[in-house]
Amino acid sequence: MARVVNPKSHLSILLNDRDEYFIGFGSKTLTNDGVTYGDLLELIKGNINELEVRGIAGPLRENIHGRNVRKQPERKIEVEKHISYTRKDGTKVEYDRIFNIWEKEHIQGPKLKLFTTKSPLGELVLHFGLLKYTDSQVDYYSEKLAMNICNALAGYYELYHPTFIPILKPTSTFSRKVLEKGIGSIKDKLTDIKERLNSGEQLDDAGRSYRFAILQNFKITDIYDGEGGFNEYFQFEFRNDDIVILENLNNGNATYIFKLSEFENRTDFNKTTAREHSAFLARLIHHDVESWEKHLSTYLIPINNKNSN
């Protein structure tokens, strides 16, 4: 994910005033910085109980050393600097010059700590301390830093309920499951097993929180859940891309993709009839998250790409 600049815009779309939440990420999907961070791996293994995040650059360093920001109210000051350099012909040049720069002040690093918790879905979640969203809050410095630390270590961040279920805001709830299991023939089941073996689905647990976070990189217009909540499928609609995606956070499932303009919600909808639906486009096995995200991007345009056009 891209660096977070305005954290409130990320929080306000998912949280109500006074809502409690966590910022974190799943332990199975780490960046190079995350994999090479020895103390982070010790935290994941359970050898330590908490980790005060630190590093030599970026948000990891900022967490301890803080940063310089424009002093409020903003004003420019004059600073004299000595300029010294040598021209190509060997002539040495020196002079003093006045620059008008923004007056800065130093903000102390919040020294945020990471903890681990096993979610109800069996995922090991790395997270910062419990937060409370306040709509009238002026400064979101710690929240912004927490999001960017997550991006640095895992490539994404996720917002979790206090129960460690990812936070989503459904448009509505069906009085049934979004997608039933289906019966299917023995041939269908053997084909399904073959697909899973070929896809290397043993890596599936790497994508639990990550898959939901990645879906939010695209312009979701509506979300529907049903009976079973996070133990079952969710229906994500992307009106601008004319796409419907059925997604389940649990292991042993697949992502179902449909054309929205031809999609019809049916009460007899299940994993068998889904592939027979006239709007059906693809079914993505939950294998490695990079391959999953690459396939997803053939149907959806990321929000950042849309904004740049």
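Our subject in this report is the structure included herewith. (Residues numbered from 1 in each chain as written. Predicted model: local features only at pLDDT ≥ 70, side-chain atom pairs only at ≥ 80, totals over all residues. Heavy atoms only, no water.)

### Observations regarding the packing of helix α7 (residues 208–215) against helix α9 (residues 289–296)
Using the following cut-off: Here, axes are lines fitted to C-alpha atoms. For helices the fit covers the stretch in contact, and angles between N-to-C directions go from 0 to 180 degrees. The numbering of helices and of strands both runs from the N terminus, where a helix is a DSSP run of H or I of at least 4 residues and a strand a run of E of at least 2. Note on terminology: angles under 35 degrees are roughly parallel, angles over 145 are roughly antiparallel, angles of 65 to 115 are roughly perpendicular, and the others are oblique. The hand of a helix crossing depends on one turn: near helix anticlockwise from the far one by less than a right angle means left-handed, and clockwise means right-handed. Residues count as neighbours in contact if any of their non-hydrogen atoms are within 4.5 Å of one another.
Contact geometry of α7 with α9 gives a least axis separation of 11 Å together with a crossing angle of 20°. Put simply, α7 runs roughly parallel to α9. The two elements α7 and α9 cross, and the hand of that crossing is right-handed. Between α7 and α9, the contacting residues are Tyr210, Arg211, Ile214 and Leu215 on the first element and Val289, Trp292, Glu293 and Leu296 on the second.

### Let's talk about the layout of surface pockets
We apply this condition: Using a grid of 1 Å spacing that covers the protein atoms alone, one calls a set of points a cavity when a 1.4 Å probe fits there but cannot get out, and a pocket when the set is open and has protein on both sides within 12 Å along at least five of seven lines; lining residues are those with an atom within 4 Å of a point. Grid points are joined across faces, edges and corners, and a volume is the space filled by probe spheres set on the points. As a working rule, the residues Ala, Val, Leu, Ile, Met, Phe, Trp, Tyr, Cys and Pro are called nonpolar, Asp, Glu, Lys and Arg charged, and the rest polar, with Gly in that last group.
Here the largest pocket is characterised by a volume of approximately 840 Å³. Lining the largest pocket are 26 residues; nearest its centre among them are Ile13, Gln216, Asn217, Phe218 and Ile303. Elements that contribute at least two residues to the lining of the largest pocket include exactly α1 (7–12), β10 (158–160), β12 (222–225) and α10 (303–308). Each residue belonging to the lining of the largest pocket can be placed in one class, and the counts come to 14 nonpolar, seven polar and five charged.

### Focus on the pairing of strand β15 (residues 254–259)
Using the following cut-off: Burial status follows relative accessibility: with a 1.4 Å probe on protein chains alone, a residue under 20% of its type maximum counts as buried, one over 50% as exposed, and anything between as partly exposed. Any two strands between which DSSP finds at least two bridges are classified as paired.
Counting buried positions along β15 gives five out of six residues, so the element sits mostly inside the fold. Bridge count between strand β14 (residues 243–248) and β15: four bridges; the pairing is antiparallel. The residue of β15 that forms the bridge with Ile243 is Lys259. Direction of pairing for β15 relative to strand β16 (residues 280–285): antiparallel, over a ladder of five bridges.

### A short note on the packing of aromatic side chains
This is how it is decided: Side-chain rings of Phe, Tyr and Trp, where Trp is taken by its six-membered ring, are said to pair if the distance between their centres is within 6.5 Å; with planes under 30 degrees apart they count as stacked, over 60 as edge-to-face, and otherwise as tilted.
On inspection of all chains with the given rule, the structure shows 13 aromatic pairs. Relative to Phe280, the ring of Phe258 lies with its centre 5.8 Å away and its plane at 70°, an arrangement referred to as edge-to-face. Placement of Phe258 in strand β15 and of Phe280 in strand β16 is noted, with a sequence separation of 22 residues between them. The exposure class of Phe258 is buried, given its relative accessible area of 0%. Its relative accessible area of 22% is what places Phe280 among the partly exposed residues. Feature note: the residues Phe212, Phe230, Phe234 and Phe236 constitute an aromatic cluster, connected by ring pairs.

### Some words on helix α4 (residues 58–65)
Along α4, the residues that are buried comprise Leu60, Glu62, Asn63 and Ile64. In the core, the buried residues of α4 are packed alongside β2 (51–52), β3 (67–70) and α5 (141–154). Positive backbone phi, at 75°, marks Gly66, one or two positions downstream of α4.

### Some thoughts on unusual backbone geometry
Looking along the chain, the bond that leaves Gln72 and enters Pro73 is cis, with omega of -5°. Following the sequence through the fold, Pro73 ends up in the loop between β3 and β4 (76–86). With a phi angle near 80°, Arg18 is a residue other than glycine that sits in the positive phi range. Mapped onto the elements of the fold, Arg18 is located in the loop between α1 and β1 (20–26). On the accessibility criterion, Arg18 (48% relative accessible area) is partly exposed. Even without glycine at this site, Lys111 takes up a positive phi of about 55°. If you trace the backbone, Lys111 turns up in the loop between β6 (104–107) and β7 (113–118).

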